[in-house]
Amino acid sequence: MPTTERLESFIAAVEGGAHAKAIEDYYTEDATMRENQAEPRRGRSTLVAQETTVLERTESVVSTCVRPVLVNGDHVAIHWIFEFTFKGGGRMRMEEIAWQRWEGDRIAEEQFFYDPAQRKPG
């Protein structure tokens with residue numbers, strides 16, 4: 001179960017724009033991450049590589065945690081809003097719920113729930 005301090009530190013890292021670094025610092029080595037019902041991506045190094053690939057296409061990402069964050073033992077639900085500005089000028093706003101299972105002070109499993117129609121850059 002994450003401490004309040006650890007969870008707040010994770011949220012601050014994401015809101016501060018350190019997306020790939022947050023995966024390195026807050027996920028277990030064998031962590032999984034999945035989008036809606038898609039097959040999960042496995043392994044922290046895979047997750048960091050995927051995040052880095054996404055970030056390389058962006059000019060900026062503004063990440064906002066919408067409070068309250070819900071915590072029940074090892075399970076955490078975070079409502080996120082991400083505003084992407086892509087290289088070349090496209091923009092995209094994504095609103096999602098991240099459902100996490102923590103092992104101690106690290107995220108072992110994460111699943112994102114969102115409307116896929118949001119993924120079309122404008």
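For the structure, check the block above.
Cut-offs applied
Residues numbered from 1 in each chain as written. Predicted model: local features only at pLDDT ≥ 70, side-chain atom pairs only at ≥ 80, totals over all residues. Heavy atoms only, no water. Salt bridge = Lys/Arg side-chain N within 4 Å of Asp/Glu carboxyl O. Buried < 20%, exposed > 50% of the residue type's maximum accessible area, 1.4 Å probe, protein only. Axes fitted to C-alpha atoms, helices over the stretch in contact; angles between N-to-C directions. Helix = DSSP H or I, 4+ residues; strand = E, 2+ residues; numbered from the N terminus. Parallel < 35°, antiparallel > 145°, perpendicular 65-115°, else oblique. Contact = heavy atoms within 4.5 Å. Nonpolar A, V, L, I, M, F, W, Y, C, P; charged D, E, K, R; others polar.

Trainee: When you look at the pattern of salt bridges in this model, what are you seeing that I'm missing?
Mentor: Pairing of side chains with opposite charge becomes possible as their charged atoms draw close. In total, this model carries 7 salt bridges according to the counting rule given. The salt bridge involving Glu103 is made with Arg101; its shortest N-O contact spans 3.2 Å. Look at Glu103 and you get partly exposed, because its relative accessible area is 40%. The salt bridge involving Glu109 is made with Arg101; its shortest N-O contact spans 2.8 Å. Of the residues examined, Glu109 reaches a relative accessible area of 38% and is grouped as partly exposed. Several salt bridges converge on common partners, so that one network encompasses Arg101, Glu103 and Glu109.

Trainee: Just to check I follow, could you spell out the packing of helix α1 (residues 4-15) against helix α2 (residues 19-26) for this structure?
Mentor: The relative placement of two packed helices comes down to the angle between their axes together with the axis-to-axis distance. Viewed as axis vectors pointing N to C, α1 and α2 meet at an angle of 155°, and their least axial separation amounts to 8 Å. Comparing the axis directions of α1 and α2 gives the class roughly antiparallel. Along its contact with α1, which presents Arg6, Ser9, Phe10, Ala13 and Val14, the element α2 presents His19, Ala22, Asp25 and Tyr26. Of the residues in the contact of α1 with α2, the class split is 5 nonpolar, 2 polar and 2 charged.

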